[in-house]
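Listed here are the chains, written in short residue letters.
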Amino acid sequence: MEQYKRFTPLVLTLLAAVIFQMILVVADRHDTPTRAVIEFSKAYFMLNPSMADRLCQDLQTIGDMNAVQYYRYSIAQEAKERGFSVGYMKTRLYDIKTKTLKKDETSAEVQLLGKRRFAMNPLYAIVAQVFGFSKPQTVEAIIPLRNENGRWKVCGNPFDLPSRT
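Residues numbered from 1 in each chain as written. Predicted model: local features only at pLDDT ≥ 70, side-chain atom pairs only at ≥ 80, totals over all residues. Heavy atoms only, no water.

1. Some details on a nonpolar patch on the surface
Next, step 1: Residues Leu123, Tyr124, Ile126, Val127, Val130, Phe131 and Phe133 make up a contiguous nonpolar surface patch of about 750 Å² in total accessible area.
Next, step 2: Within the element layout of this structure, Ile126 appears in helix H5 (residues 122-131). (Patch = residues over 30% accessible without salt bridge, like charges linked within 9 Å, V, L, I, M, F, W, Y side chains within 5 Å. Areas by Shrake-Rupley, 256 points an atom, 1.4 Å probe, with all protein chains shown as cover. Salt bridge = Lys/Arg side-chain N within 4 Å of Asp/Glu carboxyl O. Helix = DSSP H or I, 4+ residues; strand = E, 2+ residues; numbered from the N terminus.)

2. Things to note about the pairing of strand E4 (residues 107-118)
Next, step 1: Examined bridge by bridge, strand E3 (residues 91-103) and E4 share 10 bridges and lie antiparallel to one another. Within E4, the residue paired with Thr91 across the bridge is Phe118.
Next, step 2: The antiparallel pairing of E3 with E4 creates a hairpin that spans 3 residues between the two strands.
Next, step 3: Relative to strand E5 (residues 137-148), E4 runs antiparallel, the two being bridged by 10 bridges. By the bridge assignment, Gly114 is partnered in E5 with Val139. (Pairing = 2+ DSSP bridges.)

3. Remarks on the state of the cysteines
Next, step 1: Following the criterion strictly, the structure yields 1 disulfide and no others.
Next, step 2: A sulfur-sulfur distance of 1.6 Å marks the disulfide that ties Cys56 to Cys155. Sign of the S-S torsion, about -45 degrees for the bond between Cys56 and Cys155, identifies this disulfide as left-handed. You can see Cys56 sitting in the loop between helix H3 (33-45) and strand E1 (61-62) and its partner Cys155 sitting in the segment after strand E6 (151-154), a full 99 residues away along the chain. An identical accessibility class is assigned to Cys56 and Cys155; each is buried. (Disulfide = S-S within 2.5 Å. Buried < 20%, exposed > 50% of the residue type's maximum accessible area, 1.4 Å probe, protein only.)

4. Some points on the side chain of Glu148
Next, step 1: Along the chain, Glu148 falls in strand E5.
Next, step 2: According to the relative accessible area criterion, Glu148 is buried, its value standing at 16%.
Next, step 3: Excluding its chain neighbours within four sequence positions, the residues that come into contact with Glu148 are Cys56, Gln57 and Lys153. (Contact = heavy atoms within 4.5 Å.)

Treat this as a map of the structure, not an account of what it does.
As structure tokens, then:
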């Protein structure tokens, strides 16, 4: 019995750590307007099709065309005209700061401030930052959101995403 007393503090510490981790995982699953804005914005600037997951139902289509696919196609065409691949048009959003301006149960408005930098090759971004080859672009936007089916979705006309209007 004496031999088990040595391990009791270790076992209790591990058990407490597991319980604490489970609490953090549950808390992290909670959807917020800020989280929706950050997820959408990062996907938008990296031209990731997952941005559609955070768009309001109104913005999903333009006529009978998928708005995100149309946007990605137009960016690919622009890159092609400039003689580059679509990867050249990707930018990484970082140093993100958000502020919730308005929030109720069905709608919210979040201000996003951040910087974005060319993201075609991560090594290029590091070298460009160290040697000053490129300057970050400032991103400032006030993004309206709506709660659709228990999930916060980006509405309005975020950045320059094509819309019906």
